[in-house]
Amino acid sequence: MSEPIEVRIQINAETHLVGLCRYIAKRRGQSTLFEYAESWLEHPDAFAIDPANLPLQSGPFARTSVKSALPGALRDTAPDRWGQMLIKRAFRKQGIERTLSEIDYLLAINDQTRIGALRYRRGGENHFDHDVERYRVPPLIQLPALLNAADAVHGNSETADDLRLLLNEGSPLGGARPKSVVQDLDGSLAIAKFPKPDDTRSIPHGEVLAMTLAGRAGLNVADSRIETVAGRPVAVIKRFDRAGDARIPFISAMTLLGAEDGEDATYTDIAEIIRMYSNQPIADLHELWRRIVFSVLVSNLDDHLRNHAFLYNGEGWRLAPAYDLNPVPIEEKARELTTWISEEGPDASLDIAVRAARYFAVKDAEANGIIADVSAVVDGWRDQAQQLGMAAADINAYASAFT
């Protein structure tokens, strides 16, 4: 067995020991044992970091998987494809060629910018980062350097300094596309999402367009904008897991459903976990159904379970603001949702959404009104795209996503 890592959580400006997680590497897979600390079980503000799979009780929780042995709440805070690629390359630059474990990846990104409120350190350590003295979140003015570093990674020409710059920021919220955390003008944390040199359309413009339309259509959505860096668009999206210096506990829908990457689920499944764990279920159910309608109308088709999340508010798990909304032209992907609306099938269909409305506490009389309201906003997408500075060629490229 390996040495356990301490799982801690920051709430009310204090960091508390939540429990220990022991990772066991095997030739054909891996497993973990997680156990809550007695001090956390007795804490007056204690809550289950994953109420579906790690209920707040004593005794060990075992998990074995060929994909990810980390408990879901921990897996949600680990780097995804972009971050893992950076970490692999950084280890190679240091001459380390061994196969990296999930714990290596988990501990390689920076504690200060990690998603949610969980924090980790190895047993016996008294800090959460290996390079505490050198680290600081880069200000917005460093976007050119970060973009250049991301381009170098894409072209396999990155230096150790490029990797160090990007890795210091980690990869919150996961995903495959290049990104970094930055300190916004008001001092808050934001995610900078970069274009790739081989993009055939402006992905940053498309995401910010969808986020802007979503907000105007009445969805709870993360704040976003476009910053132009050396003539190229960068999407800057406010972090919603922070309130000043306070960290807000975060968990994905995939974790609450006990699912693995690539497994199927439906929006009606998410509705069930809202009923179980939200302290304002009707509001969250209505919000989720409005998001379904919006996703159908803008062809937001990559709506996998990691792109739905919940934040703990002290009383329950509320649906997090919408994020990773990306219109997909019909030429690139059939109009099928990654997360189906219901068991009827994957089609991005308003008819299916209306038939499923009752699962989201939406009455038939309300459904058509919501569709009309959202449609009226989405119909103005070209004007909004122009206001964001989207080029005419990109507007034409996105047209089939909105028709």
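So, how was this worked out
Residues numbered from 1 in each chain as written. Predicted model: local features only at pLDDT ≥ 70, side-chain atom pairs only at ≥ 80, totals over all residues. Heavy atoms only, no water. Helix = DSSP H or I, 4+ residues; strand = E, 2+ residues; numbered from the N terminus. Buried < 20%, exposed > 50% of the residue type's maximum accessible area, 1.4 Å probe, protein only. Contact = heavy atoms within 4.5 Å. Areas by Shrake-Rupley, 256 points an atom, 1.4 Å probe, with all protein chains shown as cover. Lys, Arg positive; Asp, Glu negative; His and termini not counted. Charge placed at Lys NZ, Arg CZ, Asp CG, Glu CD. Polar contact = N/O pair within 3.5 Å; in protein donor to acceptor, adjacent residues only side chain to side chain. Pairing = 2+ DSSP bridges. Axes fitted to C-alpha atoms, helices over the stretch in contact; angles between N-to-C directions. Core = buried A, V, L, I, M, F, W, Y, C linked by side-chain atoms within 4.5 Å. Expected span 1.5 Å × (residues − 1). Parallel < 35°, antiparallel > 145°, perpendicular 65-115°, else oblique. Left-handed = near helix turned anticlockwise from the far one by under 90°. Nonpolar A, V, L, I, M, F, W, Y, C, P; charged D, E, K, R; others polar.

> Quick question: what am I supposed to make of the overall build of the protein here?
Secondary structure assignment for the protein yields 14 helices and 14 strands. Split into buried and exposed, the 403 residues of the protein put 57% on the buried side. A separation threshold of at least 6 residues defines the contact pool for the protein, and within that pool the share at least 24 residues apart is 66%. Entry remark: accessible area of the protein is about 17,600 Å², with carbon and sulfur atoms responsible for 47%. Computing the positive centroid from 44 side-chain charges and the negative centroid from 57, the protein places the two 4 Å apart.

> Help me out: how do you make sense of the side chain of R291 in this one?
Here R291 is to be found in helix α10 (residues 281-298). Only 3.4 Å separates the side chain of R291 from the backbone oxygen of N220, close enough to count as a polar contact. Within the structure, the side chain of R291 is placed 2.8 Å from the side chain of E287, a separation counted as a polar contact. Beyond its immediate chain neighbours, meaning those up to four positions away, R291 contacts L219, N220, L319, A320, P321 and A322.

> Explain the sheet that holds strand β14 (residues 317-319) here, please?
Either a parallel or an antiparallel arrangement is found when strands of a sheet pair, and the pairing is made through backbone hydrogen bonds. The 3 strands are arranged β12-β13-β14 in an open sheet whose pairing can be described as antiparallel. Looking at which strands have only one partner, the edges of the open sheet turn out to be β12 (250-252) and β14. With strand direction ignored, the average angle separating the axes of adjacent strands in the sheet is 35°. Two elements, β12 and strand β13 (residues 309-312), share 3 bridges in a ladder whose sense is antiparallel. Bridge pairing in β13 links S252 to A309.

> Even after reading the chapter, I still don't get the nonpolar core, so can you show me in this structure?
A general tendency of soluble globular proteins is for nonpolar side chains to be buried together. Counting residues in each nonpolar core, the largest one holds 99 residues, and the members touching the most others are W289, F294, F310 and F360. With 9 residues, the top contributor of residues to this core is α10. The residues touching F310, leaving out its near neighbours within four places in the chain, are P249, F250, I251, A253, L256, I270, I273, I274, W317, R318, L319 and A320. Judged by nonpolar contacts, the second largest core, of 26 residues, contains W82, L86, Y105 and L140.

> How should I be thinking about the sheet that holds strand β8 (residues 224-229) in this particular structure?
Strand order across the open sheet formed by 4 strands is β6-β7-β9-β8, with antiparallel pairing between neighbours. This sheet does not close on itself; its edge strands, each paired only once, are β6 (179-183) and β8. The mean inter-strand angle of the sheet, taken between neighbouring strand axes irrespective of direction, is 35°. Pairing of strand β7 (residues 189-193) with strand β9 (residues 232-238), which is carried by 4 bridges, proceeds in the antiparallel orientation.

> How should I be thinking about helix α5 (residues 143-154) in this particular structure?
In this model α5 runs 16 Å from its N-terminal to its C-terminal C-alpha over 12 residues, within 8% of the 16 Å that 1.5 Å per residue would give. Along α5, the residues that are buried comprise L143, L146, L147, A149, A150, D151, A152 and V153. N156 sits one or two residues past α5 and shows a positive phi near 60°.

> What is the right way to look at the packing of α10 against helix α12 (residues 364-378) in this model?
Any two packed helices are characterised by the angle at which their axes cross and by the distance between the axes. Between α10 and α12, the least distance of the axes is 10 Å, while the angle of their chain directions is 45°. The angle between α10 and α12 falls in the class oblique. In the packing of α10 onto α12, the handedness of the crossing is right-handed. Facing α10, whose interface residues are W289, R290, V293, F294, L297 and V298, α12 presents A367, I370, I371, V374, S375 and V378. Split by residue class, the contact of α10 with α12 holds 10 nonpolar, 1 polar and 1 charged.

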